[in-house]
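Structural description and commentary
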Amino acid sequence: MSSDATPPARAPRLALIHTGGTIASRPSPDGRGLTPQTPPTLPGLEQVQVTEAQPFSLPSPHMTPAHMGQLAALIRELAPTHDGVVVTHGTDTLEETAFALHLMLDVKVPVVLTGSMRHAEEISWDGPANLLDAAHVALHPHSPGRGPLVVIGGDIFDARTVTKIHTTAVDAFGGYPGPIGRIDREGHTPRLHYFAMPEPRATYHPAHLQARVEILYAYAGWTGEGYAEAATRADGLVIAALGTGNLPAELLPLIQGTAKPVVIATRTHAGPVLPVYGYAGGGATLVEAGAIPASFLNAHKARLLLLILLGQGLTREQIQTVFERDEF
Ligand SMILES: NC(=O)C[C@H](N)C(=O)O
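Residues numbered from 1 in each chain as written. Predicted model: local features only at pLDDT ≥ 70, side-chain atom pairs only at ≥ 80, totals over all residues. Heavy atoms only, no water.

Under an unreviewed UniProt entry, the name given to the protein chain is Putative L-asparaginase, and the source organism is Deinococcus arenae.

Right under this line is the structure:
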């Protein structure tokens, strides 16, 4: 399953969309720390026609579902006239944007997100290499049909499973079961290997991205503080629960009394949510109370899926089916 990039007859066309993040950041002149300022330049791809766009320039903690929707619309507009799309993005919420695009985009060309962990004035800044890798992946003939990908440190990740695993390391991304591919360079020649076949996936077309979905984080001794308020305010809840999706006993009656969708994810970093335990608050009792297991999605990705399904007008039962059948 390895191949070298074959040069197409005409110059490949790449859309390069900048959204901010450390890859666009420098120390601010007022000495208050890093801020997004200048988007990175793509090095070493003289044969490629590049169209650049910058819909906004944000530190990624400022990203919202509305920005993700705006980005999806821009990619839909650029995709028909390009062979691949690269999005530069801050790493903090990169996995959320990647997954939102995964759920909403059905464009034919590859969409690759990348970022950097070090800024342009730091020793060993990782922006240029990540950007070049992302461009090679976006233009590679084996990349279409895989949904949006994340490329960092030479590893290629699926948007469903990728997650940020380190706050400072250059290899900041991982997630079970790991990369689906690898990009390296032999001199100037890209060497790309995929370790998995493209997977079918469902895409959604929400009428809006304004549903309010809140995440609650479980811990030993939680007696439901904050639950009632969140359940009243929100259109749906996600709980980062314990282990295979279990909660303290006090949460069971609260969930039993909630008609809105309550999705149970896990705060554990890998593995599915499974309704196996029958003690009060155990996963089996939560599902019996109407809660929806998040499969293997982490809480923040489960939140985006729920938000998108609510925006598409799905009922609680239909939402449950999407999660149950892994239709994402
Ligand atoms: N490495 C980074 O990009 C982190 C930055 N705080 C961001 O997400 O915008």
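By the definition in use, this model includes 13 salt bridges. E121 is paired through a salt bridge with R26; the nearest N and O atoms lie 3.3 Å apart. Placement of E121 in the loop between strand 7 (111-114) and helix 3 (127-139) and of R26 in strand 3 (residues 25-27) is noted, with a sequence separation of 95 residues between them. Judged by relative accessible area, which is 27%, R26 ranks as partly exposed. Between E214 and R212 there is a salt bridge whose closest N-O contact spans 3.0 Å. Relative accessible area serves as the criterion here: at 44%, R212 is assigned to the partly exposed category. (Salt bridge = Lys/Arg side-chain N within 4 Å of Asp/Glu carboxyl O. Helix = DSSP H or I, 4+ residues; strand = E, 2+ residues; numbered from the N terminus. Buried < 20%, exposed > 50% of the residue type's maximum accessible area, 1.4 Å probe, protein only.)

Quick look at the packing of helix 7 (residues 299-311) against helix 8 (residues 316-324) now. It is the contact of helix 7 with helix 8, at a shortest axis distance of 10 Å, that shows an interaxial angle of 140°. Taken together, helix 7 and helix 8 sit at an angle that is classed as oblique. By crossing handedness, the relation of helix 7 to helix 8 is classed as right-handed. Along the contact surface, helix 7 presents A302, L305, L306, L309 and L310, while helix 8 presents I319, V322 and F323. When grouped by side-chain class, the residues that make up the contact of helix 7 with helix 8 number eight nonpolar, no polar and no charged. (Axes fitted to C-alpha atoms, helices over the stretch in contact; angles between N-to-C directions. Parallel < 35°, antiparallel > 145°, perpendicular 65-115°, else oblique. Left-handed = near helix turned anticlockwise from the far one by under 90°. Contact = heavy atoms within 4.5 Å. Nonpolar A, V, L, I, M, F, W, Y, C, P; charged D, E, K, R; others polar.)

By volume, the second largest pocket is sized at about 570 Å³. Around the second largest pocket sit 27 residues that line it, and T163, T268, H269, A270 and N298 are the ones nearest its centre. Of all the elements in the fold, those that place two or more residues in the lining of the second largest pocket are strand 10 (163-164) and helix 7. Examining the composition of the lining of the second largest pocket, we find that three residues originate from one element, helix 7, more than from any other. (1 Å grid on protein atoms, 1.4 Å probe; cavity = no way out; pocket = protein on both sides within 12 Å on 5 of 7 lines; lining within 4 Å. Points joined across faces, edges and corners; volume = space filled by probe spheres on them.)

Around the ligand, the surrounding shell consists of G21, T22, P59, S60, P61, G90, T91, D92, S116 and M117. Within the side chain of T91, one N or O atom sits 2.7 Å away from a nitrogen atom of the ligand. Between a nitrogen atom of the ligand and a main-chain N or O atom of S116, the distance comes to 2.8 Å. When the ligand sits alone it has 270 Å² of accessible area, and the protein chains cover 84% of it. (Near = heavy atom within 4 Å. Polar contact = N/O pair within 3.5 Å; in protein donor to acceptor, adjacent residues only side chain to side chain. Areas by Shrake-Rupley, 256 points an atom, 1.4 Å probe, with all protein chains shown as cover.)

In the contact formed by helix 1 (residues 65-78) and helix 2 (residues 94-104), the axes pass within 10 Å of each other and the chain directions differ by 55°. Relative to helix 2, the element helix 1 is oriented oblique. Helix 2 is crossed by helix 1, and the crossing has right-handed handedness. Of the residues in helix 2, those in contact with M68, G69, L71, A72, I75 and R76 of helix 1 are E96, T97, A100, L101 and M104. Here the contact of helix 1 with helix 2 is composed, by residue class, of seven nonpolar, two polar and two charged.

Another aspect to go through is the UniProt feature "domain: Asparaginase/glutaminase C-terminal" (unreviewed entry) in the protein chain. Sequence positions flagged by UniProt for "domain: Asparaginase/glutaminase C-terminal" (unreviewed entry) are, in local numbering, residues 212-323. As annotated, residues 212-323 has a helix share of 36% and a strand share of 16%, and its two end C-alpha atoms lie 18 Å apart. (UniProt positions renumbered as here; feature names shortened; annotations may be inferred.)

Together, L274, V276, Y277 and Y279 make up a nonpolar patch on the protein surface, roughly 390 Å² of accessible area in all. Structurally, the position occupied by L274 is in the loop between strand 16 (262-266) and helix 6 (283-288). The partly exposed category is assigned to L274, whose relative accessible area is 42%. (Patch = residues over 30% accessible without salt bridge, like charges linked within 9 Å, V, L, I, M, F, W, Y side chains within 5 Å.)

Note on helix geometry: an α-helix contains 3.6 residues per turn, so any two residues three or four positions apart are oriented the same way. Between the first and last C-alpha of helix 1 there are 20 Å, a value that for 14 residues agrees with the 20 Å anticipated at 1.5 Å per step. The elements touched by buried residues of helix 1 are strand 2 (13-18), strand 5 (49-53), strand 6 (84-88), helix 2, strand 7 and helix 7. (Expected span 1.5 Å × (residues − 1).)

Here we come to the domain arrangement of the protein chain. Domain boundaries assigned for the protein chain yield domain 1 (2-194) and domain 2 (213-324). Distance between the C-alpha centres of domain 1 and domain 2: 31 Å. The junction of domain 1 with domain 2 conceals about 1,000 Å² of combined surface from both sides, 75% of it contributed by carbon and sulfur atoms. Our count for the domain 1 to domain 2 interface comes out at zero salt bridges. For the side of domain 1 that touches domain 2, the secondary-structure elements that each account for two or more residues are helix 1 and helix 2. If one sorts the elements of the side of domain 1 that touches domain 2 by residue count, helix 2 sits on top with six residues. Of the residues that constitute the side of domain 1 that touches domain 2, the class distribution is nine nonpolar, two polar and three charged. (Domains from an automatic or database assignment. Buried area = accessible area lost by both parts, 1.4 Å probe.)

On to helix 8, then. Within helix 8 the residues assigned to the buried category are R316, I319, Q320, V322 and F323. Each buried residue of helix 8 lies within a common arc of 160° when the element is viewed along its axis, so the set occupies one face. In this fold, the buried residues of helix 8 make contact with strand 16, strand 17 (292-293) and helix 7. In the stretch just after helix 8, D326 is the one whose phi turns positive, near 55°. (Arc of directions from axis to C-beta.)

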